[in-house]
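What follows is the residue order along each chain.
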Amino acid sequence: MTLTDTPAQIGSETLFTGYRLGGLTLPNRVVMAPMTRVRAADGGLATPSMATYYAQRATAGLIVTEGVQPSLIGQSNPGTPGLYTDEQVASWRPVTAAVHANGGRIFAQIMHGGRVSHPDTTGLVPVGPSAVPAVGEVFTPTGPQTAPMPRALETAEVPEHARSYASAARRAVDAGFDGVELHGANGYLISQFLSSNANLRTDLYGGSVANRIRFAVEAVEATVAAVGAERTGIRLSPGGAFWGVQEDDVAELYAALLGELAPLGLAYVHLEATVDDEVLVGLRRAWPGALIMNPVLPMGARRAERPDADRWIGLGADLISFGRAFIANPDLVERLRAGLPLAAEDAATYFQGGDAGYVTYPAYQHAG
């Protein structure tokens, strides 16, 4: 299909038919995208409210959790959960059990923040591919602060950070998750290595496209070795400028990355609409496996809706992820299926903590 083709004539039987994803059978092709909600308890522990929140949304074909740090130094924001201690694993088990009890499937998104962190959050100096700070203010326990100068990783240190994704993936499976998604997008550590301005290295992890994709490939390979390809996905934001990252060779960079990942047989690649359609459709053609498309720029002017989903299925995506639409619509799948109106989310409650604006949105109330 070309960009000029009309994706319509895509009825509900497409977005709402089943799909085989890795080792899972999904009842529909609607994915709940990962969204930071900063509701974890001290020590990066998952909570009963988190179990309620995800279980309420278990009709999604697949849920991908908020970013979960694989190590203390990998934590970006305060109030986010981890998967690097036994206590954290135990805290996640009621969450995955609640989702499964409601008939759902859930992957943990493994997110190493890299330079997008602060010593006030972790007690540690953030690390990155190079000593180049992120652009903007990062969240800390006392409020937003200017992003600090990260410490450039020594060459010998880089593999341990790549392996941290695999270690967290093992713990995720132990906690009952169906799989993991590596967060390779939005200016965090994998994205920093892919970048042409956050990564100024001159060793085997920097410079050429082949070198800049190396960290991502090693992280994915380690995760596949740890939990299996059918339990492993990766999220990417081609050309995205989050936290000041730049990519000067987007089509070449991501074609090379997908080329290295293709033989591994991953469950999926999850792309954000952070570059023009022509590049994204080219990457769809280059990727032989399942593709999840997130059709609206994260935190952009609007949320994704049904026409966006239908258009991208028409352009070759296998599944469509929705972010903000899931916040106020725990029954989003049914609302999309039946053409029901979507409730509006309260942005003031995104990151405030507590249950309000988290587990308090009702399912659609039919009149009569």
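Residues numbered from 1 in each chain as written. Predicted model: local features only at pLDDT ≥ 70, side-chain atom pairs only at ≥ 80, totals over all residues. Heavy atoms only, no water.

Formed by 91 residues in total, the largest nonpolar core has its most connected members in Leu83, Trp92, Phe215, Leu257, Ile320, Phe322 and Phe326. With seven residues, the top contributor of residues to this core is helix 8 (residues 214-227). Not counting the four nearest positions on each side in its chain, Leu83 is found in contact with Val68, Gln69, Gln88, Val89, Trp92, Ala108, Ile110, Ala168, Arg171, Ala172 and Phe177. Tyr19, Ala267, Tyr268 and Ile292 belong to the second-largest nonpolar core, a separate cluster that totals 13 residues. (Core = buried A, V, L, I, M, F, W, Y, C linked by side-chain atoms within 4.5 Å. Buried < 20%, exposed > 50% of the residue type's maximum accessible area, 1.4 Å probe, protein only. Helix = DSSP H or I, 4+ residues; strand = E, 2+ residues; numbered from the N terminus. Contact = heavy atoms within 4.5 Å.)

To continue, consider the pattern of salt bridges. Tallied over the full model, the rule gives 11 salt bridges. The partner of Arg284 in a salt bridge is Asp318, with the nearest N and O atoms 2.8 Å apart. Of this pair, Arg284 sits in helix 10 (residues 277-286) while Asp318 sits in the loop between helix 11 (306-314) and strand 14 (319-322), placing them 34 residues apart in sequence. For Arg284, a relative accessible area of 12% corresponds to the buried category. With a relative accessible area of 15%, Asp318 lands in the buried category. In this structure, Glu334 engages Arg337 in a salt bridge whose closest nitrogen and oxygen atoms are separated by 3.4 Å. Remark: Arg337 and Glu334 occur in helix 13 (residues 332-338); sequence separation between them is three residues, near one turn of the helix. In this structure Arg337 comes out as partly exposed when scored by relative accessible area, which is 40%. (Salt bridge = Lys/Arg side-chain N within 4 Å of Asp/Glu carboxyl O.)

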